[in-house]
Amino acid sequence: MSIDFYWRIGMEGDHASLRTPRRYNRGEANGHGPGNIAPAIRGGELDGYGYIDHMAAVAKASESAGFLGGLLPSFPVTEDPWAVAAALARETTTYRFMVAFQPGFLHPVQAARMSASLQRATGGRLVYNIISGGGGPAQLWWGDKVNHDDRYARTSEFLDVLRGVWDGEPYDHDGRFFRTAGAALPPGLAGQPFPEVYFSGSSAAAVGAAGLHSDYYLSWLEPFGDLRAKFDGVRTHAEKLGRTPKFAVRIDVVARHTEEAAWAEVEKGWAFVDRDAANRAAQGDSVGAARIKGWVPETITGYRDLEVQPNVWAGFSLIRGGPAFGLVGSYEQVAQRLDELRELGVDAFILAGNPHLEEAYRVGEEVLPLLQATPPPVSPFGPPAGQKDSRLLVP
Ligand SMILES: Cc1cc2nc3c(=O)[nH]c(=O)nc-3n(C[C@H](O)[C@H](O)[C@H](O)COP(=O)(O)O)c2cc1C
């Protein structure tokens, strides 16, 4: 069975590397500073190379490195994923766009129309990452005061309405959060493939809504035993509803030709630990974020303290924004851990690394081909003379 590999597109600017965590040096996402690679300064002026140009480069790089598509995260500090997906679609050919969005901030009929337009324009390359918000200051930024469990009730109702109008038949709904009368997508938009639904959240409310709506239940990386237990809970709940979800994990990767070289990269980043920033990012009511924070001890004597199992490192959030866990190791070790996750039930991976452009090539070229579960490509030209197998192995 095939596995889907997505790459993360940095929507908030791109760090030069883990070693220079607060230096965004690609595109003008965070202004221009010393050490910026692009935009260049010509005649005293910025040359106009924009962050969208850099995101296009990352999308194209990861498309050519073998990734199925890209995750476009959505936070107050990021670009808007819908607009970016529309802009990047014409820069790519097969690349899918996993748009993260909070259902509370759009009317579902408008979301259906935007989605169907994108599906038609891209030949069905839109994927949803349904996020229901982590509470705290980030939620208030959007003016959203709906409490934690009600946000999942709202998400669930939103997806019901979105599906209700999708096929073009008039649809009425008078619910707790949304209303519509006689809504339907127009004939030209109706009938597009419905986007695959990735759904995240670790709380009981999230698992309840995911059971109803997810194609893929999506989690940050956690120690493998905890991840297995989490997936078991989601599967048990979904099966009671007659559904069988697939599973996906989002993972940061530092992979190098040797294990020592990978840890050396982490060691350089360790000089920039910012525990306050990590704590600020974990404010709110997110059960998933609290789970992750619980694995990071208050007292740390060195970065290897955070290696919770071989090659699984819980320190990423101390160096840069985002989830705590990722994989650190040689190309072979990282591939082995991904294979173990595959055996644990993972059907899709969203991988990431800094800088996103170079690391997309590195992970695509050095790690993915080592996975046991990666099928060799099938040649459209048939087997070479004298070879019976119709599959051509890429050297
Ligand atoms: C892989 C993954 C990606 C996520 N991406 C985003 C995002 O882009 N924006 C956002 O606001 N929340 C994001 N979240 C947060 C979740 O959608 C959810 O709001 C959070 O986990 C709180 O839910 P919980 O209390 O049920 O755990 C992400 C979560 C996961 C696991």
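Residues numbered from 1 in each chain as written. Predicted model: local features only at pLDDT ≥ 70, side-chain atom pairs only at ≥ 80, totals over all residues.

Asks: Looking at this model, I keep getting lost on the nonpolar core. Mind explaining?
Replies: Generally speaking, a soluble globular protein has its nonpolar side chains buried in company with each other. Of all hydrophobic cores here, the largest spans 87 residues; its most connected members are Tyr6, Leu72, Tyr198, Ala248 and Phe349. Top element by residues in this core is strand β11 (residues 246-256). It accounts for seven residues. Those residues in contact with Ala248 that lie beyond four places of it in its chain are Tyr198, Tyr216, Leu218, Val346, Asp347, Ala348, Phe349 and Ile350. (Core = buried A, V, L, I, M, F, W, Y, C linked by C-beta atoms within 7 Å. Buried ≥ 20, exposed ≤ 12 C-beta atoms within 10 Å, placed from the backbone. Helix = DSSP H or I, 4+ residues; strand = E, 2+ residues; numbered from the N terminus. Contact = placed C-beta atoms within 7 Å.)

Asks: Would you take a moment to explain the pairing of strand β10 (residues 216-220) for this structure?
Replies: One face of the sheet, then the other: side chains in a regular strand alternate in exactly this way. In terms of burial, β10 is largely enclosed, as five of its five residues are buried. Burial of the side chains of β10 extends over both faces: Tyr216, Leu218 and Trp220 are buried on one face and Tyr217 and Ser219 on the other. Traced from strand β9 (residues 196-200) through helix α6 (residues 204-213) to β10, the parallel crossover comes out right-handed. For β10 and β11, the ladder comprises five bridges, and the chain directions are parallel. Along β11, the bridge assignment pairs Tyr217 with Phe247. (Right-handed = clockwise from strand over helix to strand, strands pointing away. Pairing = 2+ DSSP bridges.)

Asks: Could you clarify how one ought to interpret helix α1 (residues 51-64) in this entry?
Replies: Every α-helix winds through 3.6 residues per turn, so residues three or four apart in the chain are directed the same way. Between its first and last C-alpha, α1 extends 20 Å over 14 residues, near the 20 Å set by a 1.5 Å rise per residue. Every buried residue belonging to α1 is among Tyr51, His54, Met55, Val58, Ala59, Ser62 and Glu63, and all of these are buried. Downstream of α1 by a residue or two, Gly66 has a phi angle that is positive, lying close to 105°. (Expected span 1.5 Å × (residues − 1).)

Asks: Just checking my understanding: could you explain the pairing of strand β15 (residues 348-352) for this structure?
Replies: Of all five residues in β15, five are buried, a share of seventy percent or more. Taking every second residue as pointing to the same face, both faces of β15 are buried, with Ala348, Ile350 and Ala352 on one and Phe349 and Leu351 on the other. As judged from the four bridges shared by strand β1 (residues 4-8) and β15, these two strands associate in the parallel manner. Opposite Asp4, over in β15, you have Ala348 as the bridge partner. Examined bridge by bridge, β11 and β15 share five bridges and lie parallel to one another. Each residue of the ladder has a partner; that of Asp252, found in β15, is Ala352.

Asks: Please explain the confidence of the model for the protein as it appears in this structure.
Replies: As a general rule, the predicted coordinates of low-pLDDT regions are not to be interpreted in detail. Averaged over every residue, the pLDDT of the protein is 90; residues scoring 70 or more account for 92%. In this model residues 389-395 is a low-confidence stretch, pLDDT under 50, and it forms 13 contacts with partners more than four residues away in sequence or in other chains. (pLDDT = per-residue confidence, 0-100.)

Asks: How should the environment of Asp80 be read in this particular structure?
Replies: In this fold, Asp80 is placed in the loop between β4 (69-72) and α2 (81-89). Judged by the 13 C-beta atoms lying within 10 Å of it, Asp80 is partly exposed. When the C-alpha positions of Asp80 and Val99 are compared, they lie 9.1 Å apart, and in sequence the two are 19 residues distant.

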